[in-house]
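Examining the three-dimensional arrangement
The lines below spell out each chain.
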Amino acid sequence: MVNRVAVLSDIHGVLPALEAVLAEPDVAAADLIVLTGDIAAGPQPVEVLDVLADLGDRVCWVGGNADRELVEARAGKAASIEVSNWAAGQLRDDQVARLVTLPATATFAIDGLGPTLFCHATPRDDEEVVLVDSRMPRWAEVFAGLPAEVTTVVCGHTHMPFTRLVDRRLVVNPGSIGMPYGGAGAWWALLGPGVQLRRTAFDVDVACARVAAESTFPDAAAWADEYLRSQHSDADALAVFGPRDGR
């Protein structure tokens, strides 16, 4: 049984945002940090992976579609996102090897929440879309085959935080550390015995300047300006993602 778990999702290779969250007292004191995918595909992939690796066994790594795409890009299959192709070329061989081995899911018993499954998008697929307003039949579809004893599911992928019940099972999305939709800051979750959706504020101007200065990605300044400033609202994101959940 784990008492307190910090969930960090969709970091997307943004070092200043990650550092701000890791400095949070509740993250430093957590028994476990779980990464729910899309860790390194962004402007500072090497640095982000090194910081997380230095945390050792306190961190459980779960893979996402962007992590898989980095591995594929490194092997010669180009990703559809420019920053992913660039990031794949920056990674060291040992970092690629770590990404290759990332599991699709991990399950822990958490105080107050019971057996909790962590995944990136859904338990069965790393890029399916489910949203806070997805219909119950869609949830039943993506949870088909999930063991009955799993009482909580934690997912990421869509970069918007929410909690909701799905046929007596609690679903949590912590939002995104590095590419938030709906508001600037680094969004994460603290689990046990309940669920707290948290936002860590940081100086966005300073963070954007750091990314632009420290990354060699050619469009780093524009990328940071778009995503660290959260120029896409949750309404914008729902309009784009909505059709992908089968509605």
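Thresholds applied
Residues numbered from 1 in each chain as written. Predicted model: local features only at pLDDT ≥ 70, side-chain atom pairs only at ≥ 80, totals over all residues. Heavy atoms only, no water. UniProt positions renumbered as here; feature names shortened; annotations may be inferred. Helix = DSSP H or I, 4+ residues; strand = E, 2+ residues; numbered from the N terminus. Buried < 20%, exposed > 50% of the residue type's maximum accessible area, 1.4 Å probe, protein only. Arc of directions from axis to C-beta. Contact = heavy atoms within 4.5 Å. Salt bridge = Lys/Arg side-chain N within 4 Å of Asp/Glu carboxyl O. Core = buried A, V, L, I, M, F, W, Y, C linked by side-chain atoms within 4.5 Å. Pairing = 2+ DSSP bridges. Axes fitted to C-alpha atoms, helices over the stretch in contact; angles between N-to-C directions. Parallel < 35°, antiparallel > 145°, perpendicular 65-115°, else oblique. Left-handed = near helix turned anticlockwise from the far one by under 90°. Nonpolar A, V, L, I, M, F, W, Y, C, P; charged D, E, K, R; others polar.

**Observations concerning the UniProt feature "domain: Calcineurin-like phosphoesterase" (unreviewed entry) in the protein**
- Per the UniProt record, "domain: Calcineurin-like phosphoesterase" (unreviewed entry) is found at residues 4-185.
- Segment residues 4-185 splits into 30% helix and 21% strand. End C-alpha atoms: 22 Å apart.

**Quick notes on helix α3 (residues 45-53)**
- Of all the positions in α3, only P45, V46, V48, L49 and L52 are classed as buried. Taken down its axis, α3 places every buried residue within 165 degrees of arc, on the same side.
- Structurally, α3 contributes buried residues whose contacts are with α1 (15-22), β2 (32-36), β3 (59-62), α5 (82-90) and α6 (93-100).

**Some remarks on the pattern of salt bridges**
- Under the definition given, this model contains 16 salt bridges.
- With a closest N to O distance of 2.7 Å, E128 and R124 form a salt bridge.
- Judged by relative accessible area, which is 15%, E128 ranks as buried.
- In this structure, R229 and D205 form a salt bridge, with 2.8 Å as the shortest nitrogen-oxygen distance. One end of the pair, R229, is in the loop between α9 (220-227) and α10 (234-241); the other, D205, is in helix α8 (residues 204-214), and 24 residues separate them in sequence.
- Here the salt bridges do not stand alone but share partners, grouping R68, E72, D126 and E127 into one network.

**Observations concerning the nonpolar core**
- Counting 55 residues, the largest nonpolar core has L8, I11, L35, I39 and L228 as its most contacted members.
- With 5 residues, α1 is the largest single contributor of residues to this core.
- Sequence-distant contacts of L228, that is, excluding residues within four places in its chain, are made with V14, G178, A184, F202, V204, A207, C208, V211 and W223.
- By size, the runner-up hydrophobic cluster in this structure holds 15 residues, among which are V2, C60, L113 and F118.

**A word on the sheet that holds strand β5 (residues 114-119)**
- Strand order in the open sheet made by the 5 strands is β4-β5-β6-β8-β7, with mixed pairing throughout. Across the chains shown, the open sheet's two edge strands, defined by having one partner strand only, are β4 (105-110) and β7 (162-166). Averaged over all neighbouring strand pairs, the angle between strand axes comes to 20 degrees, with direction disregarded.
- Examined bridge by bridge, β7 and strand β8 (residues 169-173) share 5 bridges and lie antiparallel to one another. Within β8, the position partnered with L165 by the bridge is L170.

**Describing the environment of E24**
- For E24, the location among the structural elements is in the loop between α1 and α2 (25-28).
- Judged by its relative accessible area of 17%, E24 is buried.
- For the pair E24 and G242, spaced 218 residues apart in sequence, the C-alpha to C-alpha distance is 33 Å.
- The contacts of E24, once residues within four sequence positions are left out, are W188, R198 and T200.

**Thoughts on α5**
- Along α5, the residues that are buried comprise V83, S84, W86, A87 and A88.
- Packing partners of the buried residues in α5 comprise α3, α4 (65-74) and α9.

**Examining the packing of α4 against α5**
- Closest axis-to-axis distance for the α4/α5 pair is 8 Å, and the angle between their directions is 65 degrees. Considering the angle they form, α4 stands roughly perpendicular to α5. The chirality of how α4 crosses α5 is right-handed. Contacts between α4 and α5 involve L70, A73 and R74 from the first element and S84, N85, A87 and A88 from the second.
- In the contact of α4 with α5, the residues fall into 4 nonpolar, 2 polar and 1 charged.

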